[in-house]
Amino acid sequence: MNVELFENLRLELRRGCLILAVLAELRTEHYGYVLRKSLADRGMAIDENTLYPLLRRLETQGLLVSQWREEEKRNKRFYRLSPEGEAILSQLLEEWTGINSSLNRIIEGDNLPQSSHAGNGENS
Amino acid sequence: MKPASSLFARYLRFVESRGWVAAEALPLFSRGLRAMLWTLAAIFVGLYAFAGPFVRGEALRAILLVTLWWTFLFFAWALGLGALFTLIFRLARPATPGTLTRKYLGAVGSYLPAGQDEDILAELAANLRSEMEDREAELGRPLTTEEAETILKRHGHPMLVAGRYLPRQHLIGPAVFPFYWFTLKTFLWIAALVYVVAAVSVPFIQSMVQIAGLQAPHQEPGSGAWPFLLIGAVVLLAVFGAVTLVFAVLENFLGRSLAKNWTVKDLSTATTPHGKPRWEWMVTLVATGLFAACWLVFPNFPWNLGPAGQYLLPGAAWPSVRIAMLLLMAAAMVEAGVHLARPEWTQLSTVFLVAQRAAGLALLGYLFHASDSLVVVNLARVPATSHGLPQIVGQCTYYGSLMALLIAGMIDLFQSLPYLRRWLVSPRATARLFTV
């Protein structure tokens, strides 16, 4: 199997999902490291070099707001979703639900003839 | 932040990231450097303000030399001082997770865009410290230097980390890249071909001229394989640089608008069904027209022989060649005109293509056959020392026409290969190609 090709396709697939995950997670205020940990704990591990610049880019686009604040005697930059970010997030989630259900229909449709031969639950 | 102090901070980060000055020594080094800078500035200002108006000539040059010398001494002193501090601090205290982190952040900072660097570094530092503290909590003890280094190394090379924060990551974007790649390849091939032809033919012509006795022999300095390759590499590099520069500028101005500002109507009129752009047919029409006009205006002899024209006269075969050339040019102009006026007449263009190639090869064959009577030497104008010139000219026309015939034949064969392949693979596909 072409590992490099798979890795490229996997990254491409994840790219859009990462933004959605970050926006959804920042409905609660977090700073960079804790956000990364929280996403990783929920199965969405993001590389530091992807997440930290992404946060700044989303802030520049007006989807996030940030604030420097002291926590545990150390200054940290906390991010949370802006009102515009909230509106965009709900639109994106709607889109995501649509894509997800369409994909499920396509994948299930393709697997129907196979599953009737191979048995149930193999591809879940 | 003021530009000067921002520059100073960047310089400090740079020397720290390179390991020239230890992180612990940096505050002291910074204070020493500032003090020295101010002292030096005061000395120079005093020197120029008080002595400057009264000195001229040699004295002024001496002052400038002293200035340069003191500047050099200052930088040497600063680096020496930094190295001394580093040595002292490293001997006194080995590297710790803290110093490694500062060094890493300093290296990242030296690649970050000015103005945003401090903010980005502060955030990165806070995240890194949190991660290290988390790891310490897991282990139940402080991190060793090696463990801290592992965390920092996992973050990636400082240049790559900083690169993620930069606004634009490419010189030529995906929208423009296909055109750039095509143009670059075309220009590199053309440049290489022109260079090789020029490099090979110029010494050949020079030696012919010298053998014929038209010019005294002389040795070109620097002739040989290495200068040829070196100059060739420089030529190709210059072409690469120029094309890249033009497309980088285009990317800036056109990259985004290209994806938006186009219509299907433009596309359908931009190219003919044979795939050749419309502008190329226009250029063919105009250029061939101009060339044909030159042949008509200068009926007795080609106008572009240059200095050789004074020694040569048209031979017996020349009038036939001239008429054949004019007919070929007329055919090319008709073809271009038909393509511009009726691009859908693709079957006719195939007929033109085959007929022109056949006629071109036939003409070259005739040139080769009649090479000895194509041009003759004007003996009245040739110097007495140049008795070998007729033989030289005869050889040049013979080998020149032979080369032209071979090259044209190879080009025709090369360009016919795709058609031949399609025809061999699927005769129907070839038929569709010509009739669509």
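Quick word on the overall build of chain B
Along chain B, the regular secondary structure elements total 15 helices and two strands. Residues classed as buried in chain B amount to 14% of the 436 residues present. Of the contacts formed within chain B by residues at least 6 apart in sequence, a portion of 76% connects residues at least 24 apart.

As for the pairing of strand β2 (residues 64–71) of chain A
As a general feature of sheets, a regular strand has side chains that alternate between the two faces. All names here are of chain A. The pairing of β2 with strand β3 (residues 74–81) spans eight bridges and is classified as antiparallel. Following the sheet pairing, Trp68 is matched in β3 by Arg77. In sequence, β2 turns back onto β3 through a hairpin of two residues, with Glu72 there showing a positive phi of about 50 degrees.

Points about the confidence of the model for chain B
Do not read the predicted coordinates in detail wherever pLDDT is low. Model confidence for chain B is summarised by a mean pLDDT of 74, while 68% of its residues fall at 70 or above. Contacts for the low-pLDDT stretch residues 268–273 of chain B, under 50 throughout, to residues beyond four places or in other chains number 12 contacts.

A short note on the confidence of the model for chain A
Scored by pLDDT, chain A has a mean of 85; 87% of the residues are at 70 or more. Counting contacts from residues 115–124 of chain A, a segment whose pLDDT is below 50, to residues more than four positions away or on other chains yields two contacts.

Brief notes about the sheet that holds strand β1 (residues 30–31) of chain A
Across the sheet, three strands lie side by side as β1-β3-β2 (chain A); this open sheet has antiparallel pairing. What marks the edges here is a single partner per strand, and that holds for β1 and β2 of chain A. In this fold helix α3 (residues 48–60) of chain A packs onto β2 and β3 of chain A, with an angle of close to 125 degrees to the strand it touches most, β2(A). Helix α5 (residues 117–139) of chain B contacts β1 and β3 of chain A of the sheet and is inclined by roughly 100 degrees relative to β3(A).

Regarding the interface of chain B and chain A
The interface is formed by 14 residues belonging to chain B together with 12 residues belonging to chain A. Only α5 and α7 (158–163) of chain B provide two or more residues apiece to the side of chain B that touches chain A. Of all the elements, α5(B) adds the most residues to the side of chain B that touches chain A, at eight residues. Classifying every residue of the side of chain B that touches chain A gives six nonpolar, four polar and four charged.

Quick notes on helix α2 (residues 32–41) of chain A
Residues and elements named next belong to chain A. Residues of α2 that are buried: Gly32, Tyr33, Leu35 and Arg36. Around the axis of α2, the buried residues are gathered within 165 degrees of arc, so they sit on the same side. In the segment just after α2, Gly43 is the residue with positive phi, at about 90 degrees.

Points about the pairing of β3(A)
Bridge count for β1(A) against β3(A) is two bridges, and the pairing is antiparallel. By the bridge assignment for β3(A), A:His30 is matched with A:Tyr79.

Conventions we followed
Residues numbered from 1 in each chain as written. Chains lettered and ligands numbered in written order. Predicted model: local features only at pLDDT ≥ 70, side-chain atom pairs only at ≥ 80, totals over all residues. Helix = DSSP H or I, 4+ residues; strand = E, 2+ residues; numbered from the N terminus. Buried ≥ 20, exposed ≤ 12 C-beta atoms within 10 Å, placed from the backbone. Contact = placed C-beta atoms within 7 Å. Pairing = 2+ DSSP bridges. pLDDT = per-residue confidence, 0-100. Axes fitted to C-alpha atoms, helices over the stretch in contact; angles between N-to-C directions. Nonpolar A, V, L, I, M, F, W, Y, C, P; charged D, E, K, R; others polar. Arc of directions from axis to C-beta.

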